[in-house]
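# Architecture and fold: a report
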Amino acid sequence: MEIKEYKINGVFEIQLQPRNDERGFFMRTYDIDIFDQFGIKNKWVQENHSCSLKKDIIRGLHFQLPQYTETKLVRCIKGSILDVFVDLRMNSLTFGKWNSIELSEVNKKMILIPRGFAHGFLTLSDHSEILYKVDNFYSKENERGIIWNDIDLNIDWGIQTPILSEKDKNNMSFEEFVNEYKGIIN
């Protein structure tokens, strides 16, 4: 696997390297020694599997309040997604900035998103599945969300009318987040 720091400090793109033969492939998706070389020393406590049956579904932008903030290690194992993350870390040079990466079963990339980020994704194909590890336990009481089409963030999702859950339709604006929380301190 090849790891490189992404465009926002603390975010890492991980290119998996399958070994293919006539039977299929084998690839390592996690190696503590390689992760240690990049200062990634997370203890993963949960792994989640998300399945979206249709193209154009947006899930997110979700985040957890402190003490429940999460680092996420995300990969798409079926179909493809546009993975989007927004820096909510107080005093970060990239506070309020977003970035994205396409993750797919074909490109075999993963993204490591550190604590203090809002995270979401858009399905680019029918039947997309993602696996993601987290380094903290989920807390329903501390989950929050920022609306996908926030005017201040101006995220380019490449879609105007996504399929959303009722919960995600009612997420707060970035301005409301700043007014209420100022930012996330890990």
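Data block above holds the structure.
Just so it is clear, the structure is predicted and the values come from calculations on it, not from any experiment.

Thresholds applied
- Residues numbered from 1 in each chain as written.
- Predicted model: local features only at pLDDT ≥ 70, side-chain atom pairs only at ≥ 80, totals over all residues.
- Heavy atoms only, no water.
- Helix = DSSP H or I, 4+ residues; strand = E, 2+ residues; numbered from the N terminus.
- Rg over C-alpha atoms; globule rule 2.2 N^0.38 Å.
- Buried < 20%, exposed > 50% of the residue type's maximum accessible area, 1.4 Å probe, protein only.
- Contact = heavy atoms within 4.5 Å.
- Areas by Shrake-Rupley, 256 points an atom, 1.4 Å probe, with all protein chains shown as cover.
- Lys, Arg positive; Asp, Glu negative; His and termini not counted.
- Charge placed at Lys NZ, Arg CZ, Asp CG, Glu CD.
- Pairing = 2+ DSSP bridges.
- Axes fitted to C-alpha atoms, helices over the stretch in contact; angles between N-to-C directions.
- Salt bridge = Lys/Arg side-chain N within 4 Å of Asp/Glu carboxyl O.
- Arc of directions from axis to C-beta.

On to the overall build of the protein chain. Along the backbone of the protein chain there are three helices and 13 strands. For the protein chain, the C-alpha radius of gyration of 16 Å lies close to 16 Å, the compact-globule estimate for 186 residues. Taking the principal axes of the C-alpha coordinates as reference, the protein chain spans close to 55 × 35 × 30 Å. Looking at the protein chain as a whole, 53% of its 186 residues qualify as buried. Long-range pairs, those at least 24 residues apart, make up 79% of the contacts in the protein chain between residues at least 6 apart in sequence. Carbon and sulfur atoms provide 47% of the accessible area of the protein chain, an area that totals close to 10100 Å². Charged side chains in the protein chain number 24 positive and 28 negative. The centres of these two groups are separated by 3 Å.

Spatially, the six strands line up as an open sheet ordered β1-β2-β10-β7-β12-β5, and their pairing is antiparallel. Looking at the sheet topology across the chains shown, the edges are occupied by β1 (2–5) and β5 (46–52). Direction aside, the axes of adjacent strands within the sheet are offset by 20 degrees on average. Relative to strand β2 (residues 12–15), β1 runs antiparallel, the two sharing four bridges. Bridge assignment links Ile-3 to a residue of β2, and that residue is Ile-14.

What follows covers the pattern of salt bridges. Where charged atoms from two side chains of opposite charge approach closely, those side chains can pair. By the definition in use, this model includes nine salt bridges. Two residues, Asp-135 and Arg-115, come together in a salt bridge whose shortest N-O distance is 3.3 Å. Of this pair, Asp-135 sits in the loop between β12 (128–134) and β13 (143–145) while Arg-115 sits in the loop between β10 (109–113) and β11 (117–123), and the two are 20 residues apart along the sequence. Here Asp-135 falls in the buried class, since its relative accessible area comes to 11%. When the shortest N-O distance is used, the salt bridge between Glu-143 and Lys-167 registers 3.2 Å. On the criterion of sequence distance, the pair formed by Glu-143 in strand β13 and Lys-167 in helix α2 (residues 166–169) is long-range, its members being 24 residues apart. Residue classification places Lys-167 among the partly exposed residues on the basis of a relative accessible area of 45%.

One open sheet accounts for five strands, arranged β9-β8-β11-β6-β13; its pairing is antiparallel. One side of each edge strand has no neighbouring strand; the edge strands of this open sheet are β9 (98–104) and β13. Taking the axes of each pair of neighbouring strands and ignoring which way they run, one obtains an average angle of 25 degrees across the sheet. As paired elements, strand β6 (residues 58–64) and β11 share three bridges and run antiparallel to each other. The residue bridging His-62 from the neighbouring strand is His-119, located in β11.

For the rest of this paragraph, the subject is helix α3 (residues 174–181). The set of residues buried in α3 consists of Phe-174, Phe-177 and Tyr-181. Across the axial projection of α3, the buried residues extend over an arc of 60 degrees, all falling on one side. More than 90 degrees from the buried face of α3, the exposed residues found are Asn-179 and Glu-180. Taken together, the buried residues of α3 touch β6 and β13. Of the residues one or two after α3, Lys-182 is the one with positive phi, at around 70 degrees.

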